[in-house]
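A look at the structure
Listed below are the residues making up each chain.
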Amino acid sequence: MTEQLMTPEANVQRIMWTGTVWFAAAVGSVGVALGLLLSSGWRPSILSGGDAVLWWIAFGLVVLSLGLIGWSGCPILEVSVKTADRNKTRTMQLGTLFFIVGSAAAVFSVLIGPAQ
C-alpha cells in the first residue's frame, strides 16, 4: 500500500495539490505578519548594522521560498512525470526550509532591533 502512495505519479499529484494549499497559507501568513508589523509603524529602516542585514537576507529567503512553494503547486509537469517528481519534491522541500528559516530570522531581527 505505501509503495503505491510514493509512486512518481501519486507524489506529483499530491505535491501539486498540497503545494497550492501551502502556497496560499504561506502568502497569507506573510501578509498578515507583515501587515501587522507595518501597521504598527515599524519599518526596516529603523534597523541598523547586522540587524538590517539579517532582516533583508531573511526577507529574501521568504520571497524565494514563496516562489519555490508556488512552483511546486503549479500544475506543469515539465519533461516527464519522473522529472517533475524529482523537481517538485526538491522545490517543496527547499521552499519549506527557506520559509521556516527566513521567517524565524526575520522575526529574530525585529526582536533584537530597537524598540519603538
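Residues numbered from 1 in each chain as written. Predicted model: local features only at pLDDT ≥ 70, side-chain atom pairs only at ≥ 80, totals over all residues. Heavy atoms only, no water.

1. Quick look at the confidence of the model for the chain
Looking at the chain, pLDDT values average 91 and 97% of them are 70 or higher. Model confidence for the chain, summarised as mean pLDDT per element, is weakest for helix α1 (residues 2-5) at 70 and strongest for helix α3 (residues 50-73) at 95. (pLDDT = per-residue confidence, 0-100. Helix = DSSP H or I, 4+ residues; strand = E, 2+ residues; numbered from the N terminus.)

2. Section: the packing of aromatic side chains
With the rule as written, the count across this model stands at 4 aromatic pairs. Residues Trp55 and Trp56 carry aromatic rings whose centres are separated by 6.2 Å and whose planes lie at 75 degrees to one another, so their mutual orientation is edge-to-face. Of the residues examined, Trp55 reaches a relative accessible area of 5% and is grouped as buried. Judged by its relative accessible area of 48%, Trp56 is partly exposed. Ring pairs connect the aromatic residues Trp42, Trp55, Trp56 and Phe59, which therefore count as one cluster. Against the face of Trp71 rests Lys88, its NZ or CZ located 4.9 Å from the ring centre. (Phe/Tyr/Trp six-rings, centres within 6.5 Å; stacked < 30°, edge-to-face > 60°. Buried < 20%, exposed > 50% of the residue type's maximum accessible area, 1.4 Å probe, protein only. Lys NZ or Arg CZ within 6 Å of the ring centre and 35° of its normal.)

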